[in-house]
Amino acid sequence: MRLSKIFTASVLAVGLAGTAQADEPNKLITILTAPEPQTQLMAMVLTMNAIAAGAKAEMLLCGPAGDIALQDAPASATDGQPLKDASPQGCGR
């Protein structure tokens, strides 16, 4: 049952991405599901760079990645990550 839900969500996401690409060539859809803070941070950095370059971006946060959108987010979303002490949640603000 769970596998069919994941498959359905994947097909929907691919369909939406294809539609966005055809209608708006400068549109980025980031789908983030990773629980690792460094992966979340990199996704946020890359999405913010695309916005700075003129792209319109939308982000879908699923599973553990959704924690970065919480007002009272856990430490994994707010603690600084190595090299620049940036956090996944702080990058998008």
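**A word on the overall build of the protein chain**
Broken down by element type, the protein chain carries 4 helices and 2 strands. Counting from the amino terminus, helix and strand elements in the protein chain follow one another as α-β-α-β-α-α. Across the 93 residues that make up the protein chain, the buried fraction comes to 22%. Counting contacts in the protein chain only where the partners sit at least 6 residues apart, residues at least 24 apart contribute 53% of the total. When the accessible area of the protein chain is evaluated, it comes to approximately 6,500 Å², of which 61% is carbon and sulfur surface.

**Brief notes about the confidence of the model for the protein chain**
With 62% of its residues at a pLDDT of 70 or more, the protein chain shows a mean pLDDT of 74. At the low end of the mean pLDDT range in the protein chain sits helix α1 (residues 2-23), at 50; at the high end sits strand β2 (residues 56-61), at 92. In the model, residues 3-13 has pLDDT below 50 throughout and makes 1 contact with residues more than four positions away in sequence or in other chains.

**Overview of the pairing of β2**
Sheet topology note: the strand β1 (residues 27-32)/β2 ladder contains 6 bridges and is parallel. Its bridge partner being in β2, Lys27 is matched across the sheet by Lys56. Traced from β1 through helix α2 (residues 37-52) to β2, the parallel crossover comes out right-handed.

**Details of the side chain of Thr47**
Examined against the element boundaries, Thr47 turns out to sit in helix α2. Overall, the relative accessible area of 7% leaves Thr47 in the buried class. Setting aside chain neighbours within four positions, we find Thr47 in contact with Leu28, Thr30, Ala57 and Met59.

About the thresholds
Residues numbered from 1 in each chain as written. Predicted model: local features only at pLDDT ≥ 70, side-chain atom pairs only at ≥ 80, totals over all residues. Heavy atoms only, no water. Helix = DSSP H or I, 4+ residues; strand = E, 2+ residues; numbered from the N terminus. Buried < 20%, exposed > 50% of the residue type's maximum accessible area, 1.4 Å probe, protein only. Contact = heavy atoms within 4.5 Å. Areas by Shrake-Rupley, 256 points an atom, 1.4 Å probe, with all protein chains shown as cover. pLDDT = per-residue confidence, 0-100. Pairing = 2+ DSSP bridges. Right-handed = clockwise from strand over helix to strand, strands pointing away.

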